[in-house]
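Structural features, examined
This is what each chain is made of:
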Amino acid sequence: MFSRQRIELKTPEQLRHMDAAGSVLAGALDAVVAAAAPGMTTGQLDRLFAAFIAERGATPNFLGYYGFPGTICTSVNEEVVHGIPGERELAVGDVLTVDAGCIISGWHSDSARTVVLGSSAQGTADAGDERLSAITRGAMWAGIAAFAEAKHIGEVGEAVEAFVASQAGERLGILEEYVGHGIGSAMHMAPDVFNYATGHRGARIRPGMAVAIEPMLTRGGVATRVLDDDWTVVTEDGARASQWEHSVACHDDGIWVLTAHDGGASELEPLGVTPTPIPQR
């Protein structure tokens, strides 16, 4: 007999705690991305993030998670996800993904961004890397827009895959081993949120559901391996990778992107979706 993991449905008050954690996280990621520059170490970025959230009464949810040693994940170039911050110095042209989360009042947030250190217009970055990040970001927003209208969570993956497939130019790979997830009183919860079409409807989307939507794309193959540190995931072929992620809540009046400053309005409204603040009741 098969069992199903229970999906946690949050009250509006609980979602507001998640929104508070998301707001702190958005500001912390702003600060980290602004500080990311050639010569900066990933460990320095980790310490900056830790100080930022501590000053605002939040605690990190990555630090110590199954023994993870950092407060953020810093994945560079062919590192897809779960890169450990340390003494590595960033260089011109690097592709850096910062994945992080924090907790306020027992409720979690989770978000990731990719930044290319340099500019192809100035000859200091690869235009293909900039395209990789832009398409990954667009795929995330396509998935979030689908979440706003969908009946079942499987429609999110269908939207992500369709967006990536619609882009002209160099074909990008969608990682299948690492997927999005539910979030709330824990960082990782049911349901799984796939970044591709699975042929299954998945869980029904209901008010109170909160999920992290996080496509991961590569400029080459999708085969990966884990380094000897037991954390860092890299592409087998050395292709560069990108990850973008937001935590999103469904409530009675619509959706709200918990880890975006404006609830996602600036990105979603051009897609025909108007996010609605979580109701005060």
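Everything that follows concerns the structure shown earlier in this document.
Residues numbered from 1 in each chain as written. Predicted model: local features only at pLDDT ≥ 70, side-chain atom pairs only at ≥ 80, totals over all residues. Heavy atoms only, no water.

Section: the nonpolar core
Counting residues in each nonpolar core, the largest one holds 23 residues, and the members touching the most others are Leu-45, Phe-49, Ile-53, Leu-90, Leu-96 and Cys-102. Counting only elements with at least two residues in this core, the list comes to helix H1 (12–35), helix H2 (42–55), strand S2 (72–76) and strand S4 (95–104). Here the element with the most residues in this core is H1; it accounts for seven residues. Look past the residues within four positions of Phe-49 in its chain and what remains in contact with it is Leu-25, Ala-28, Val-32, Thr-71, Ile-72, Ala-100 and Gly-101. In this structure, Ile-144, Ile-205, Val-211 and Leu-268 belong to the second largest nonpolar core, which totals 22 residues. (Core = buried A, V, L, I, M, F, W, Y, C linked by side-chain atoms within 4.5 Å. Buried < 20%, exposed > 50% of the residue type's maximum accessible area, 1.4 Å probe, protein only. Helix = DSSP H or I, 4+ residues; strand = E, 2+ residues; numbered from the N terminus. Contact = heavy atoms within 4.5 Å.)

Looking at the sheet that holds strand S11 (residues 224–226)
Here three strands make up an open sheet; going across it, the order is S3-S12-S11 and the pairing antiparallel. Of all strands in the sheet, those bounded by a partner on one side alone are strand S3 (79–81) and S11. Ignoring strand direction, the axes of neighbouring strands in this sheet form an average angle of 40°. Sheet analysis places S11 next to strand S12 (residues 233–235), joined by three bridges and oriented antiparallel. Residue pairing in the sheet places Val-226 in a bridge with Val-233 of S12. (Pairing = 2+ DSSP bridges. Axes fitted to C-alpha atoms, helices over the stretch in contact; angles between N-to-C directions.)

Remarks on the environment of Pro-12
Inspection of the secondary structure assignment puts Pro-12 in helix H1. On a C-alpha basis, the gap between Pro-12 and Pro-207 in space is 9.2 Å, while along the polypeptide they are 195 residues apart.

Some remarks on the sheet that holds strand S13 (residues 241–243)
Strand order in the open sheet formed by three strands is S6-S10-S13, with antiparallel pairing between adjacent strands. With one partner strand each, in any of the chains shown, strand S6 (173–174) and S13 form the two edges of the open sheet. Packed onto the sheet, helix H3 (residues 127–149) meets strand S10 (216–218) and S13 and runs at close to 30° relative to S13.

Topic: the pairing of S2
Walk down a regular strand and you will see the side chains alternate between the two sheet faces. For S2, a buried count of five out of five residues is recorded, marking the element as mostly surrounded by other parts of the structure. Burial along S2 is two-sided: Ile-72, Thr-74 and Val-76 and Cys-73 and Ser-75, pointing in opposite directions, are all buried. Sheet topology places S2 next to S4; five bridges connect them, and they run antiparallel. Bridge pairing in S4 places Cys-73 opposite Asp-99.

Topic: the packing of H3 against helix H4 (residues 154–165)
H4 packs onto H3 with a crossing angle of 145° between their chain directions and a minimal axis gap of 8 Å. The handedness of the crossing between H3 and H4 is right-handed. Side by side, H3 and H4 meet where Ile-135, Gly-138, Ala-139, Ala-142, Gly-143, Ala-146 and Phe-147 of the first sit next to Glu-155, Val-156, Ala-159, Val-160, Phe-163 and Val-164 of the second. Residue classes in the contact of H3 with H4 are distributed as 10 nonpolar, two polar and one charged. (Left-handed = near helix turned anticlockwise from the far one by under 90°. Nonpolar A, V, L, I, M, F, W, Y, C, P; charged D, E, K, R; others polar.)

So, the pairing of strand S15 (residues 254–257)
Bridging between strand S14 (residues 246–251) and S15 involves four bridges; their strand directions are antiparallel. Residue pairing for S15: Ala-249 is matched across the bridge by Trp-256. The turn joining S14 and S15, which pair antiparallel and follow one another in sequence, is formed by two residues.

Points about a negative patch on the surface
A surface patch of like charges, here negative, comprises Glu-158, Glu-161, Glu-176 and Glu-177. Along the chain, Glu-176 falls in the loop between S6 and strand S7 (180–182). (Patch = residues over 30% accessible without salt bridge, like charges linked within 9 Å, V, L, I, M, F, W, Y side chains within 5 Å. Areas by Shrake-Rupley, 256 points an atom, 1.4 Å probe, with all protein chains shown as cover. Salt bridge = Lys/Arg side-chain N within 4 Å of Asp/Glu carboxyl O. Lys, Arg positive; Asp, Glu negative; His and termini not counted. Charge placed at Lys NZ, Arg CZ, Asp CG, Glu CD.)

Side note on the pattern of salt bridges
Under the criterion given, the structure shown has 10 salt bridges. Residues Arg-219 and Asp-129 are paired through a salt bridge, measuring 2.9 Å at the closest nitrogen-oxygen approach. Note that Arg-219 is positioned in the loop between S10 and S11 and Asp-129 in helix H3, a separation of 90 residues in sequence. Judged by its relative accessible area of 1%, Asp-129 falls in the buried class.

Topic: the packing of aromatic side chains
Summed over the entire model, instances satisfying the criterion amount to three aromatic pairs. Note on Tyr-65 and Tyr-66: the rings are 4.8 Å apart at their centroids and 85° apart in plane angle, and the pair reads as edge-to-face. A relative accessible area of 70% places Tyr-66 in the exposed class. Ring centres of Phe-194 and Tyr-196 lie 5.6 Å apart, and the angle between their planes is 65°; this geometry places the pair in the edge-to-face category. (Phe/Tyr/Trp six-rings, centres within 6.5 Å; stacked < 30°, edge-to-face > 60°.)

Overview of H4
Structural remark: α-helix, 3.6 residues per turn; residues separated by three or four positions point the same way. In this model, H4 (12 residues) spans 17 Å end to end at C-alpha, consistent with the 16 Å of a helix rising 1.5 Å per residue. When H4 is considered as a whole, its buried residues turn out to be Gly-154, Val-156, Gly-157, Val-160 and Val-164. Seen along its axis, H4 keeps its buried residues to an arc of 160°; they face one direction. (Expected span 1.5 Å × (residues − 1). Arc of directions from axis to C-beta.)

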